[in-house]
Structure formats: C-alpha cells, structure tokens
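Next come the chains, spelled out residue by residue.
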Protein chains: 2
Amino acid sequence: VVWTNEEGARFTPAMIGSGVYCGVFDLVHAHGRTDAEGVSLGEALGAIGYRGEVACGAHPLGAYFELHIEQGPTLEAKGLDLGIVTGVQGIRWYELQVHGSETHAGPCPMSMRQDPVPVLAALVSELYAHTRNQGDEARCTIGRMSAAPGSVNTVPSCVKISVDLRHPDPAGLARLDEGLRDLAAKYDGDCRVEVGDLWHSPPVAFHPDCIEAITAAAEAFGLPLHRMVSGAGHDSVYVSRVAPTGIIFIPCKEGLSHNEAEETRPEQAELGANVLLHAMLGRAGCA
Amino acid sequence: VVWTNEEGARFTPAMIGSGVYCGVFDLVHAHGRTDAEGVSLGEALGAIGYRGEVACGAHPLGAYFELHIEQGPTLEAKGLDLGIVTGVQGIRWYELQVHGSETHAGPCPMSMRQDPVPVLAALVSELYAHTRNQGDEARCTIGRMSAAPGSVNTVPSCVKISVDLRHPDPAGLARLDEGLRDLAAKYDGDCRVEVGDLWHSPPVAFHPDCIEAITAAAEAFGLPLHRMVSGAGHDSVYVSRVAPTGIIFIPCKEGLSHNEAEETRPEQAELGANVLLHAMLGRAGCA
C-alpha cells in the first residue's frame, strides 16, 4: 500500500488515507480537507488522477507490515541495524495553568505575592522526576510555555504550559497521568493549579503473529533481535485496528527526521527491505 | 512642581519632564518623542499652551518632597497611614536563555535528550530560593517565558525567560546579580545557559535632611515612624540627582495601582498632604 497523505504536511490531519480505510475518518470529510490555498484533497487527487475507482476499504488485508526509519536515536546509539517494533506509545496531551495574582515587580514583597512562577518551576521539576522514575520508556515533554500578561516588571497572573506524556502500556500511561494530577493537587493552594485534557491516544500493541514473522526473518539474517516501541504514530496505528500489523525500524542518523539532514544508508534500507520481504513471505506461509 | 509625562502612557519613556530638568534626557530629544498617532510631545505641549517660556532647569530647587501612594500592599497590611521613604530599589533586567536540542516528544528516550525545560525549572527554583535568602527587601520576578519552536510534541531547542531583580542597596543588588550568574554557570552543561543584560538602574538613597524633615513632621502628627524603600521609580529618582529629595507614601487599597480600582481614602490623602506641608516648612526653617 502507498497511503495518501501520511505526513499531513499539506492537508491536515496526518494519516488520512489509512484513517479513511480503517474507518477513523469519513471519506467525504477527508476529501473536503483543504490546503492553505483552499484546494481540497479530493480536487487535488482528481487533478493528478489519483482519486481512484475502487471503493475505499473494498480491498481486504490479510496482514500489514510497515518498514520505517526509527525517527529516534536508539538503534544508532546501540549499534543496531534493525528494530522489531512491538507497539506504539500511548499519548496524553494536557494544558496546565497556574493562576496567581498580577503584581508590580517592585513594591510588593515576595512573601506577600501569589507568584505562579516558583509554583510552576517546582511542579515541573517533580513531574520530570516522577516520569524518570517510571523507567526509560516513559516520556514527558513540555513544548510550550507562556506567562500573562507578559511584562518584564509584572508578576504574572497566569503561567501556562503544554504537557505531552507517553508510555507504551496503558498502566504506565495511567501512572504518568495520575502523577500529573497528584502534583497539580499538591501544588494547588495560594496559586490555583488547573489541568485541562487536550488529547488521548491509547497505546497500540502489534499482533503477536506479525512480531513473530519479523523476528523469524531477522533471525534468518543473523541480526540481534531488538524489540522496541515506536514513539511516533504511523499508518500502522490505524491499520492495526482492522488487520494483524507489525513495524520494522531501521536506523536514521542522529535520530533526525522531518529534516533535510534525515539520513539512512542504502545498505541499511536494503537490510530492512529484505527483512520486510521475508516477514511477509513467512506470514503468508511461503517462507 | 507638576512634571510633564510622569506616567509615560502616551509618550515613552516615563518621567520625561523630570528627566529633562535633571539632565537625563536632552530637551530636543524629549520634544521629539511621538505617540501612537505620530504626534510629537513638543507639538502636543504647544497645542495645549504648556510648552512654556522659561528655559528648562532655569528654576533651581532647594529641596524636593514628593507625596505618592505606595503602589504596594505593605502599609495597608501593617495598618499604617504613612511611610517615610528612604530610597528606591536598584533594578537589573536580564534575558536568560537555556539552549537544548529540538527532538520529537516520542522516539527519543529522556536520558538521551538535551531538554532545556528541567534545567530551567531547577534554575528558577534555586533563583527564587537565593533571592528569599537575601531578606524581605530582595525581589525576583519572572514576567515573561517562552519555548521555541513552541510545539506540544517537540522538546524545545530553546527556552527563554525575563528576570527582574531588585534590592534597595547596591551590595544587595550585586549579591542577587552574582547569584543569578553563579546559577547560570552551575547549570551550563549539556544545555547551554546564557544570561543577557538588558538594563541596570542603581539604587537611590534619599537625602538624610529630607528624611529627617519628613520624620519630624510625622512625629508632630503622632504617627508611627515607618521607614521603607520604594519598589517603583518616581520623578524623585531623577530629582535626587540635582537636589536633596524625599518621598512620603500613603496607603492604597490592596496595593493596586495603574488600575481603575486604585483607591486611597480622602482622610489618608489629607494626612499625607499635612505631613508633606510640615516637612517642607521644617526643611525651609519655618516650622
């Protein structure tokens, strides 16, 4: 399969083709997505002759295997050529706000302020510590932060951050979620702490038969059997809802991806393609 | 004196009139400052007949007393009607940046990241602790914060905050400055920490004779003799460079200022005006 619009760079959201195939998005909705110039995805597909004749989903899948670069630094760092992907991390997105009281930076003593900044700093430090305590598979990312009203000489009335928590298994993600809510409750006092839920994408576990087929193929090529979890989403996340699915990772230099410096060597790609082929043959009973 | 443009709301910077009188700003420069519509201060003064005939600075000052609301909550909190201001806090402004490495929130394990966020959180917590250790007169305010590129699922390549440090005496302000630079050096490692200087306004100590004249007047009215330091700038900061100067503070409700809710009761203003009058009479030898 070559899925339409995996990246989502021109038409959002990402993974529209696999999403429609797997029933996540409606076809009419998908065709109606427009780019920055107002051109719809349906029009754009028609213009290049790729709108197709066959009803989407009419072609059933017996199994689905995907070969992808890791988009992370682990394989390269461990000196490995291949990763057997057992699933995809679950993700939770939040907006966390700490509300204080706007005050002039000069006249008001610090002991009389409701300054949300030190509350946020302590909470963030504990959130990172809590995530690290959940092991190397847990992730915490704070990609956005702001202070209102945003004046150098004014104690903010509100500071706001985004929080992205990830874990490959539901119980681990639930522990991260609980940790965040516990910290919000702990620091909710003179300054009010508020946690808003933005998004939840549950962890995905790939099909044991597909993982086994990839493992057997990797073994046949004499490769170390390195099992790992994908941190990023892929078409396989949607396809796994309708067919047995597995992913093979090959390394990319310094973990760089979505970047002109993205690099995987031809021999790494060749090895990945061979494991992909033999995993498919194995699963089809032709090995 | 009624100084032109103390506030700086229409024409920046603030305190232009007293600044020109005291030689901080050039008169031509001051007249040339424009508002949002492009009208110059000189034109605006001419249009209302306030440009004046006498050369600025031609009128000498024997001493200068200013009555002002506190713009902070201390007097009200202590149940006091009057504050004898001994000086104005020194101020240093900085932009602090922590540089990390931009990474996808999923694939890269936290142990392999150069994430500037936990570095910033730890540094900010220590900066607040250090400032509190310098006593109740020290101030630390972080009014601005941002993360670049600012995407929920991306570890920031750079986080940036403003830092406003204040202390009434030069040695105290120097200790705060040193503390910030020590922390920047301590946390400068995998993530680079950079401190940029934005502004420095040294502390002001008012004239002992003026402080004494205010004290004597307050005593005559049977008031507690509460000495304090101003956290905000006033025309007196500039005037103190050319004449013996002092400030009297009266309370304002909840410390609110530059706000429609700003409130000082008539009897508080009356008391302040009486102390102002008697301080001036005392200083002039007419008491």
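Our structure is the block above this text.
Reading the values: rules and limits
Residues numbered from 1 in each chain as written. Chains lettered and ligands numbered in written order. Predicted model: local features only at pLDDT ≥ 70, side-chain atom pairs only at ≥ 80, totals over all residues. Heavy atoms only, no water. Contact = heavy atoms within 4.5 Å. Buried area = accessible area lost by both parts, 1.4 Å probe. Polar contact = N/O pair within 3.5 Å; in protein donor to acceptor, adjacent residues only side chain to side chain. Helix = DSSP H or I, 4+ residues; strand = E, 2+ residues; numbered from the N terminus. Nonpolar A, V, L, I, M, F, W, Y, C, P; charged D, E, K, R; others polar. Least-squares fit on C-alpha atoms with pLDDT ≥ 70 in both. Buried < 20%, exposed > 50% of the residue type's maximum accessible area, 1.4 Å probe, protein only. Pairing = 2+ DSSP bridges. Axes fitted to C-alpha atoms, helices over the stretch in contact; angles between N-to-C directions. Parallel < 35°, antiparallel > 145°, perpendicular 65-115°, else oblique. Left-handed = near helix turned anticlockwise from the far one by under 90°. Salt bridge = Lys/Arg side-chain N within 4 Å of Asp/Glu carboxyl O.

1. Some details on the interface of chain B and chain A
Now for step 1: At the interface, 53 residues of chain B touch 53 residues of chain A.
Now for step 2: Carbon and sulfur atoms make up 66% of the surface buried where chain B meets chain A, a total of about 4,300 Å² over both sides.
Now for step 3: The largest per-residue losses of area from chain B upon contact with chain A belong to B:Met110, B:Met145 and B:Val152, which jointly make up 18% of the total buried on that side.
Now for step 4: One can count 16 residue pairs in polar contact (both at pLDDT 80 or more) joining chain B with chain A.
Now for step 5: For the side of chain B that touches chain A, the elements supplying multiple residues, two or more each, are helix H4 (74-78), helix H5 (116-133), strand S5 (139-141), strand S6 (145-148), strand S7 (154-155) and strand S8 (158-167) of chain B.
Now for step 6: Looking at the side of chain B that touches chain A element by element, the count peaks at ten residues for H5(B).
Now for step 7: Taken together, the residues of the side of chain B that touches chain A break down into 26 nonpolar, 18 polar and nine charged.

2. Quick word on the relation of the copies chain B and chain A
Now for step 1: Overlaying chain B on chain A yields an RMSD of 0.1 Å, the required transformation being a rotation through 180° with an accompanying axial translation of 0.1 Å. Classification of the inter-copy transformation places it as that of a two-fold axis.
Now for step 2: Looking at chain B, 100% of its interface residues are interface residues in chain A too, so the copies touch through the same face.

3. Here we look at the pairing of strand S2 (residues 83-88) of chain B
All names here are of chain B.
Now for step 1: A large share of S2 lies buried, amounting to six of its six residues.
Now for step 2: Sheet analysis places S2 next to strand S12 (residues 245-250), joined by three bridges and oriented antiparallel. Paired with Ile-84 across the bridge in S12 is Ile-248.
Now for step 3: Across four bridges, S2 lies against strand S11 (residues 227-230) in parallel orientation. Bridge pairing links Gly-87 to Val-229 in S11.
Now for step 4: In this structure, S2 lies alongside strand S10 (residues 204-205), joined through two bridges in antiparallel fashion. Counted as the bridge partner of Gly-87 is Ala-205 from S10.

4. Focus: the packing of helix H5 (residues 116-133) of chain A against H5(B)
When two helices pack together, their arrangement is given by the angle between their axes and by how far apart the axes lie.
Now for step 1: Across the interface, H5(A) lies against H5(B) with an axial gap of 8 Å and an inter-helix angle of 135°. With respect to H5(B), the element H5(A) is oriented oblique. Along this stretch, H5(A) crosses H5(B), giving a crossing that reads as left-handed. Of the residues in H5(B), those touching H5(A) at A:Val117, A:Pro118, A:Ala121, A:Ala122, A:Val124, A:Ser125, A:Tyr128 and A:Arg132 are B:Val117, B:Pro118, B:Ala121, B:Ala122, B:Val124, B:Ser125, B:Tyr128 and B:Arg132.

5. Comments concerning the pattern of salt bridges
Now for step 1: Under the counting rule described, the total for this entry stands at 20 salt bridges over all chains.
Now for step 2: Close ionic contact of A:Arg92 with A:Asp177 constitutes a salt bridge, the shortest N to O distance being 3.9 Å. Note that A:Arg92 is positioned in strand S3 (residues 90-99) and A:Asp177 in helix H6 (residues 170-187), a separation of 85 residues in sequence. One exposure class covers both A:Arg92 and A:Asp177, and it is buried.
Now for step 3: Note that B:Arg181 is salt-bridged to B:Asp177, the shortest N-O span being 3.1 Å. Taken together, the positions of B:Arg181 and B:Asp177, both in helix H6 (residues 170-187) and four residues apart, correspond to about one turn of that helix.
Now for step 4: Among the residues examined, B:Asp177 registers a relative accessible area of 12% and is labelled buried.
Now for step 5: By sharing partners, the salt bridges in this structure join A:Arg92, A:Asp177, A:Arg181 and A:Asp197 into a single network.

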